[in-house]
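# Descriptive analysis of the structure
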Amino acid sequence: MPTSKLRRLKGKGKKRCKEESQPSPLKSQAVTDSTARTVPLIGKKSLLNCFVNGYAVTVLFNTGSQVSIIDRSWKETFIPQYAVRPLQELLDPGESLDLCAANGQPIPYDGWVELTVNLPGNTDPNLTMEVPFLISQLPLPQPLLGANVLQGMINSHKCDADAHTMILSLLCKALGVEEEQARAMVNFINLQKESNHSITTIRVGKENVYVPPGKTVNVRCKVPSTFDISNPVVLYEPLEDSATLEQLSVGEGLLEISNTKQPFVRVPISNHTNQVITLPKRSQLGSIQHVAKVLEPGEQDVGDGGPTQACVLKAEVNVASPGTPPADLWRPPVDLSHLSSEQQRIVEKMLNEESAAFARDGSDIGCIPSLQMSVRLKDDTPVQKAYASVPKPLYREVKEYIQELLVKGWIVKSHSPYAAPIVCVRKKDGSLRLCIDYRLLNKKTVPDRHPLPRIQDLIDSLGGYRWFSILDQGKAYHQGFIAEGSRHLTAFTTPWGLYEWVRIPFGLSNAPAAFQRSMEEMLDTLRDECCIPYLDDVLCFSRSFEEHVEVLRRVLQALQRHGVKLRPEKCELLRKEVRYVGRLVSADGVRIDPKDLEAVQALKQKAPQTVGDVRRLLGFLSYYRTYVQDFSRIARPLYELLKTNPSPPLTNLVREKGKGPQNRIATSIVGNWSFWP
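Quick caveat, the model's predicted, so the values are computed rather than measured.

## A short note on the packing of helix H15 (residues 611–622) against helix H16 (residues 631–641)
At a closest axis distance of 10 Å, the pairing of H15 and H16 adopts a crossing angle of 165°. Judged by the angle between their axes, H15 and H16 are roughly antiparallel. Of the two elements, H15 crosses H16, and the hand of that crossing is left-handed. Contacts between H15 and H16 involve Val614, Leu617, Leu618, Leu621 and Ser622 from the former and Phe631, Ala635, Leu638, Tyr639 and Leu641 from the latter. A class-by-class count of the residues in the contact of H15 with H16 yields nine nonpolar, one polar and no charged.

## Some remarks on the packing of aromatic side chains
Applying the stated criterion to the full structure yields 10 aromatic pairs. A ring pair is formed by tyrosine 465 and phenylalanine 541, whose centres lie 4.6 Å apart and whose planes are at 55°; its orientation type is tilted. Of this pair, tyrosine 465 sits in the loop between helix H11 (455–460) and strand S20 (467–472) while phenylalanine 541 sits in strand S25 (residues 537–542); the two residues are 76 residues apart in sequence, bridging distant segments of the chain. Since its relative accessible area comes to 13%, tyrosine 465 is described here as buried. Joined through ring pairs, the aromatic side chains of Tyr55, Trp74 and Phe78 make up one cluster.

## A short note on the side chain of serine 518
Among the structural elements, serine 518 can be located in helix H12 (residues 511–522). A residue is classified by how much of its surface remains accessible, and serine 518, at 6% relative accessible area, is buried.

## Concerning a nonpolar patch on the surface
A cluster of nonpolar side chains, Val611, Tyr639 and Leu642, forms an exposed patch at the surface whose accessible area comes to about 230 Å². Looking at where leucine 642 falls in the secondary structure, it is placed in the loop between H16 and helix H17 (648–655). Residue leucine 642 is classed as partly exposed on the basis of its relative accessible area of 31%.

## Focus: empty space enclosed by the protein
Within this structure, the stated rule accounts for two cavities of 30 Å³ or more. Quantified by volume, the largest cavity comes out at close to 70 Å³. Lining the largest cavity we find 13 residues, and of these Val383, Ala419, Ala420, Tyr438 and Leu441 sit closest to its centre. Among the elements of the structure, strand S18 (420–426) and helix H10 (439–444) are those that each provide at least two residues to the lining of the largest cavity. In this structure, the second largest cavity is lined by Met373, Val375, Leu441, Asn442, Thr445, Leu508, Ser509 and Asn510. Within the lining of the second largest cavity, the residues separate by chemical class into four nonpolar, four polar and no charged.

## Focus on the sheet that holds strand S17 (residues 411–413)
Spatially, the five strands line up as an open sheet ordered S17-S23-S22-S18-S19, and their pairing is mixed. The open sheet terminates on both sides in strands that have one partner only, identified here as S17 and strand S19 (432–436). Averaged over all pairs of adjacent strands, the angle between strand axes in this sheet comes to 45°, irrespective of strand direction. Note that S18 and strand S22 (residues 492–494) share two bridges and pair parallel. Bridge pairing in S22 links alanine 420 to phenylalanine 492. The strands touched by helix H9 (residues 395–408) within the sheet are S17, S18, S19, S22 and strand S23 (497–501), with S19 carrying the most contacts at an inclination of about 75°.

## So, the sheet that holds S20
Strand order in this open sheet of four strands is S24-S25-S20-S26, and the pairing throughout is antiparallel. Each having just a single partner strand, strand S24 (531–534) and strand S26 (572–575) make up the two edges of the open sheet. The sheet shows a mean angle of 10° between the axes of neighbouring strands, direction not considered. Pairing geometry for S20 and S25, over six bridges, is antiparallel. If you follow tryptophan 467 over to S25, its bridge partner there is serine 542. Across the sheet, helix H13 (residues 545–561) touches S20, S24, S25 and S26, and the angle it forms with S25 is around 150°.

Each value, and the rule that gives it
Residues numbered from 1 in each chain as written. Predicted model: local features only at pLDDT ≥ 70, side-chain atom pairs only at ≥ 80, totals over all residues. Heavy atoms only, no water. Axes fitted to C-alpha atoms, helices over the stretch in contact; angles between N-to-C directions. Helix = DSSP H or I, 4+ residues; strand = E, 2+ residues; numbered from the N terminus. Parallel < 35°, antiparallel > 145°, perpendicular 65-115°, else oblique. Left-handed = near helix turned anticlockwise from the far one by under 90°. Contact = heavy atoms within 4.5 Å. Nonpolar A, V, L, I, M, F, W, Y, C, P; charged D, E, K, R; others polar. Phe/Tyr/Trp six-rings, centres within 6.5 Å; stacked < 30°, edge-to-face > 60°. Buried < 20%, exposed > 50% of the residue type's maximum accessible area, 1.4 Å probe, protein only. Patch = residues over 30% accessible without salt bridge, like charges linked within 9 Å, V, L, I, M, F, W, Y side chains within 5 Å. Areas by Shrake-Rupley, 256 points an atom, 1.4 Å probe, with all protein chains shown as cover. Salt bridge = Lys/Arg side-chain N within 4 Å of Asp/Glu carboxyl O. 1 Å grid on protein atoms, 1.4 Å probe; cavity = no way out; pocket = protein on both sides within 12 Å on 5 of 7 lines; lining within 4 Å. Points joined across faces, edges and corners; volume = space filled by probe spheres on them. Pairing = 2+ DSSP bridges.

By themselves, these figures tell us nothing about what the structure is for.
Laid out in structure tokens, this is it:
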């Protein structure tokens, strides 16, 4: 269309509009005002340059958004090692979160992850925020940052003028705006703060909290940045309808906020049960609110402190320690068929009362918070080895095994420079056990010289007793923990990534010493008096049935106080003869187990052929030397063979089948198999 014609049409259109409508004077003035400015249809995006988990990212900053969001693609690209966590960890019981866009359309999400957010040029650690990001199932052009993140940064230094100026400078640089615009944004965010007297939820921190039996633990809970801490005294009210808190003693009362860089309160929680109770990380403990006034006894409340303020009656209260209600009692499946009916009734009553010491199933594993194993190395040079190939038939089983350890919290993803390969081992029951080849790490480990008891010393203390019990633990090492500063040393590599242990794994050279020390501390006053711990096996002994029942009760109670769980199917209770550390122990004495003698009898038909065979033979036979009279004299020909130039007659003597010293020693062991020192 010609330009001249287009101009004529435009002019006619303007004239037609004026003729068809008569605007009001005010509207006419606004339209014809020559100073009016036209707003563009599409404005500039509110983009903010920041660091998310150390990555330089340009995010969409939305002052109207209450949450921060990333999509699946961003998560898989930059943080694939982070596990997606369920949103119920952040919500109160029974609550749900519906995520909607500005147009009201729902946004589906997978869960959340916790990431750090920092502004470019910032050197103040207080301004580095830990932010929960929702993971959207719908694609986003870039991550979205909610206003609550900047609000947290602003509130972290709300009383410091210099820090406030620094925040404005960082925002100007990150948003690419002038200082006046940044100041206006800060003022707008401050208008969105919650009321100073609002009720605020407090939660457990990032780690699980373990409350030992009979102990009181002060649980540290972070106070949200939106809560006014000018008055540090607050009223705490525990969460109602919480199955975990019902087992604990948590009373409402006054708490004081610690005014540090990250304000927090300490909530005292007591455990009067006989087992360790775990408070899951980020679980809700209750709420805090400001105190409007304190009323003296007899004083009437005539003021109106508002619906969300608390009034506290000041009085003296004597706190009693009521007995805990009986727990869900059950009968541990321990074999008692060898006892009489009356004896079974007595033992079953005791087992019902102390049933918390036994695991109910294979997934019920003990937790010993007092056992924190540290690993000290001779130098700081990391040791690493490539992962070993997993056989294809075991691929799926091993992967599921590792996933199960992750779900239990026994291992976590690792970024350690240390790496040890895994080894797949079958247990006697056919199940899989994941072992780690820690040989390189063990060579660098400073040895823990805590002694294991000598078997002969254990046997020497059993004379005169008639009743015996064996208490066996399941996954004994896994009940203890690796100390926080040593976890990276336990890292192991797999085809699916690098992991490190939270619980104590099998394969560490100092694990037996650490576990033995822990068991001896648990049974301190009972040790050698009525029981003997040898790693995860505890032998209880007494002279009469009634005495033995009380001995078992005391030992079980001591184990419960420290969180130990026993495997009932592996325990032997109130027997006249038990197998302990490879010996059969009874009132008649200590003797070798006939099953072990089969290996000794097989030596009659085998003669050593090399120096290595002789050394192995002597090592095996020396285990039974206390049962063979004149062992050294009989074994002298074998020791002669280890010399540089053994005499020919001795060599011929050993090589002649059926007439060598190994045959005579084997015969002596079989013939003298009963022994009481």
